[in-house]
Amino acid sequence: MKKLSLLPVAALVGVLFFQAIQKPEVETHPILDLDAPKMPAKVKAVVEQKCYGCHNAESKNEKGKKKLDWDAFEAEKKAKQLAAMSKINEVLEEGEMPPKKFLENKPEGKLSEEELAILLDWSAGKKKGGE
Ligand code: HEC
């Protein structure tokens, strides 16, 4: 009798376990997925606002998209990410991004000093942009 009464419990545990391993895959935009381990949330926030518009997989800015695609960046292997980060660091040091021409029409697109510092630190590998 004792064994039988354990059956429903065992069944329940089984169901819960099955649900736990069968987590539905939520489709989120990689850049918006704050749980993604690779980019600190602060860095993402700046990128989203100031860089992503030209540098994403669907961007109409063909040149920008070709040079840097943040969607692809997130999925890259570490070595490639590091290479891209060093390029990012370089253009930021030079003050080349966002492009000057673009800023002439959209001055609010400029990076603030704080935003620039966040991106510089991160792309230099200091990872200070974390939570
Ligand atoms: C208005 C569109 C626009 C915005 C906003 C923008 N970029 Fe760019 N980016 C471009 C274009 C266009 C190129 C290609 C320039 C070229 O080939 O001369 C480019 C090139 C680059 C490159 C590659 C440079 C190289 O020589 O390989 C990096 C890195 C880069 N951008 C980073 C950034 C970062 C970081 C931001 C945000 C702070 C940003 N971009 C914002 C349009 C943009």
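Up top you'll find the structure we're talking about.
Just so you know, these numbers come straight off a predicted model, no measurement behind them. (Residues numbered from 1 in each chain as written. Predicted model: local features only at pLDDT ≥ 70, side-chain atom pairs only at ≥ 80, totals over all residues. Heavy atoms only, no water.)

Caption draft 1: Summary view of the coordination of the iron atom of the ligand. Surrounding the iron atom of the ligand are the protein donor atoms H55 (NE2) and M97 (SD), which sit 1.9 to 2.2 Å from the metal. Every donor counted, the 6 donor atoms about the iron atom of the ligand form angles of 85 to 178° at the centre, which fits octahedral coordination. Taken together, the positions of H55 in the loop between α2 (41-50) and α3 (62-67) and M97 in the loop between α5 (78-93) and α6 (100-105) put the pair 42 residues apart, joining distant regions of the chain. On the basis of relative accessible area, H55 is assigned to the buried category, the value being 11%. (Donors = N, O, S within 2.8 Å, 3.2 Å for Na, K, Ca; no water. Tetrahedral: all angles 85-135°; square planar, octahedral: opposite > 155°, others 65-115°. Helix = DSSP H or I, 4+ residues; strand = E, 2+ residues; numbered from the N terminus. Buried < 20%, exposed > 50% of the residue type's maximum accessible area, 1.4 Å probe, protein only.)

Caption draft 2: Here's a closer look at unusual backbone geometry. In this structure, P98 follows M97 across a cis peptide bond, with omega equal to -15°. With respect to the helices, strands and loops of the structure, P98 is situated in the loop between α5 and α6.

Caption draft 3: Layout of α5. Taking 1.5 Å per residue as the helical rise, α5 with its 16 residues ought to reach 22 Å, and the 22 Å between its terminal C-alpha atoms agrees with that figure. Among all positions in α5, only Q81, A84, M85, I88, N89, V91 and L92 are buried. End-on, the buried residues of α5 take up no more than an arc of 165°, which puts them together on one face. In α5, those exposed residues whose orientation departs by more than 90 degrees from the buried face are A79, K80 and E93. Of the residues flanking the end of α5, it is G95, one or two places downstream, whose phi is positive at about 70°. (Expected span 1.5 Å × (residues − 1). Arc of directions from axis to C-beta.)

Caption draft 4: Quick peek at the nonpolar core. Among the nonpolar cores identified, the biggest contains 19 residues, and W70, L119 and W122 are the most heavily contacted of them. Counting residues per element, this core draws most heavily on α5, at 5 residues. (Core = buried A, V, L, I, M, F, W, Y, C linked by side-chain atoms within 4.5 Å.)

Nothing here speaks to function; it is geometry throughout.
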